[in-house]
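Tertiary structure, described
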Amino acid sequence: MALALCEQRLILPRCIAVVERPDASTCDTLAPMSIFSLFIRAKARAFLSLSAIFLLAACASNQTRTLPTVVVLPPPVVIPVPKIRIGIALGGGAVKGFAHIGVIKMLEANGFQPEFVAGTSAGSVVGALYASGMNAFQMQQTAFELDESAIRDISLFSGGLVKGQKLQDYVNKMVANKPIERMKKPFAIVATQLETGQRTVFRRGNTGQAVRASSSIPGVFEPVTIGRYHYVDGGIVSPVPVDAARQLGADIVIAVDISNKANGKNPDGMLGIINQSITIMGQKLGAQELARADVVIRPRVSEIGPADFEQRNQAILEGEKAALAAIPQIRARMAQLQKTKMTEQARLSKPIPKKPVIVCEQPSQFEKMFGKQPDCSAIE
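Below is a summary of the structure that appears in this document.

Rules used throughout
All residue numbers refer to position in the chain's written sequence, counted from 1. Where local features are concerned, this predicted model is filtered to residues with pLDDT of at least 70; where side-chain atom pairs are given and counted, the filter is 80 or more; whole-chain, interface and lining totals use all residues. To get the side-chain values, all heavy atoms of the structure are used, and hydrogens and water are removed first. An axis is simply a line fitted to the C-alpha atoms; with a helix, the fit covers only the stretch in contact. Between two such axes, the angle follows the N-to-C directions and lies from 0 to 180 degrees. Per the convention used, a helix needs a DSSP run of H or I reaching at least four residues, while a strand needs a run of E reaching at least two, with both numbered from the N terminus. When an angle is under 35 degrees it counts as roughly parallel; over 145 it counts as roughly antiparallel; between 65 and 115 it counts as roughly perpendicular; any other value is oblique. By convention, the crossing between two helices is left-handed when the near helix turns anticlockwise from the far helix through less than a right angle, and right-handed when the turn is clockwise. The contact criterion used is simple: two residues touch if any of their non-hydrogen atoms lie within 4.5 Å. All residues other than Ala, Val, Leu, Ile, Met, Phe, Trp, Tyr, Cys, Pro, Asp, Glu, Lys and Arg, Gly among them, are scored as polar; the first ten of these are nonpolar and the last four charged. Exposure is judged per residue with a 1.4 Å probe applied to protein chains only, and the accessible area is read against the type maximum: over 50% gives exposed, under 20% gives buried, and values in between give partly exposed. A pair of strands is treated as paired once DSSP finds two or more bridges between them. A 3.5 Å cut-off defines polar contacts: any pair of N or O atoms within that distance qualifies, except that in protein one atom must be a possible hydrogen donor and the other a possible acceptor, and neighbouring residues in sequence count only when both atoms are side-chain atoms.

Points about the packing of helix H2 (residues 99–109) against helix H4 (residues 136–145)
Direction vectors running N to C along H2 and H4 enclose 155 degrees, while the axes themselves pass 9 Å from each other. What the angle tells us is that H2 and H4 run roughly antiparallel. Note that H2 runs across H4; the crossing there is left-handed. Between H2, through Ile101, Ile104, Lys105 and Glu108, and H4, the contact on the second element is made entirely by Ala136, Phe137, Met139, Gln140 and Ala143. Residue classes in the contact of H2 with H4 are distributed as six nonpolar, one polar and two charged.

Topic: the pairing of strand S8 (residues 199–202)
Alternating positions in S8 separate cleanly, Thr200 and Phe202 being buried on one face and Arg199 and Val201 remaining unburied on the opposite face. Two strands pair when backbone bridges link them, and strand S7 (residues 187–193) and S8 are joined in this way by four bridges, in the antiparallel orientation. Each residue of the ladder has a partner; that of Ala191, found in S8, is Thr200. Between S7 and S8, which pair antiparallel and follow one another directly, the connecting turn spans five residues, one of which, Gly197, has a positive phi of 80 degrees.

Side note on the side chain of Gln140
Structurally, Gln140 can be placed in helix H4. Of the residues examined, Gln140 reaches a relative accessible area of 16% and is grouped as buried. At a separation of 2.4 Å, a polar atom in the side chain of Gln140 contacts the side chain of Lys105. Those residues in contact with Gln140, other than ones at most four positions away along the chain, are Ile101, Lys105, Ile316 and Glu320.

Some words on H2
With 10 of 11 residues buried, H2 lies mostly within the body of the structure. One or two steps after H2, the chain reaches Gly111, where phi turns positive at roughly 90 degrees.

Some remarks on the packing of helix H3 (residues 122–131) against helix H6 (residues 207–214)
As a packed pair, H3 and H6 sit with axes 8 Å apart at the nearest point and diverge in direction by 155 degrees. Taken together, the axes of H3 and H6 are roughly antiparallel relative to one another. The chirality of how H3 crosses H6 is right-handed. Residue-level inspection shows Ser124, Val125 and Ala128 of H3 in contact with H6, the latter providing Thr207, Val211 and Ser214. A breakdown of the residues in the contact of H3 with H6 according to their chemical character gives three nonpolar, three polar and no charged.

Put into structure tokens, the structure is as follows:
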């Protein structure tokens, strides 16, 4: 008789047959059972091998790989150098106004191109030519060719005063009859309203007429009628039109002061007396306005008479000298303003800090079996 003995294992029990008496029938029975047992063993081993392979693969897939840290830097913020727009304020001073041409010549020669122009009295004449598109050399040529009789018309019916119509016509001819608002550079002309004494800034209308009004020295020129009001020399209220240049949009205002100063000397001639009287009246106002300029250029033209056309070349030369001496100051002021503007632009372009984003890495199923929690971190 055969007994079955079984050994308990993890997968399948191992069973063998024990024979008490070996005989032919028993041997015939044992042989098939041994073959079946071997077949079962092979199947069990194959199953265990496959299970081990799958388990190792699962463990390998749950291992965390350590990757090199890549630091991505934000692109640098490029702040363009801001453009500084220059305005020029040309003051009054009769024939001394030729010095304005020398100043503009040196500014252009050193790379400074005024974009805004404001003029009073003689400064309005030069300013009109410059705003119309002439450069300094063209204006200088025009000054050399100017005949005094082309701009002076004595009116016997007004007590020998200069009427000013010739000056108006001359200016309009030089600017090709363009009105103020159609000039190549924004242009402002300052005059004094006779009825109220208020400062009037012309930004539109007949260029020659506005220049004539701004240049009408009381006692020398007839007042100019425009609309319902009469206008005289702008130097009474604004000897150097700094504020008008700033109002045009200038970042930096370069003022050119050619006015007389009360120096204790008795001026020569009637025109000199009137001119100095106007200067004294506007001296305090002029000082306050000049204080609002970024750079003040003062050509040495005090020895040139207000009607001395023969000294026009000397006036231009003195303007060149004074402007050349002021170039370092202009450069320093422009650099200072550019630095201020760039600092302000950098402040405005600074990005607003964002709230950090919380990112969590979830554990695998295998790690959850051991109680591992999600790994969370904040990303800026």
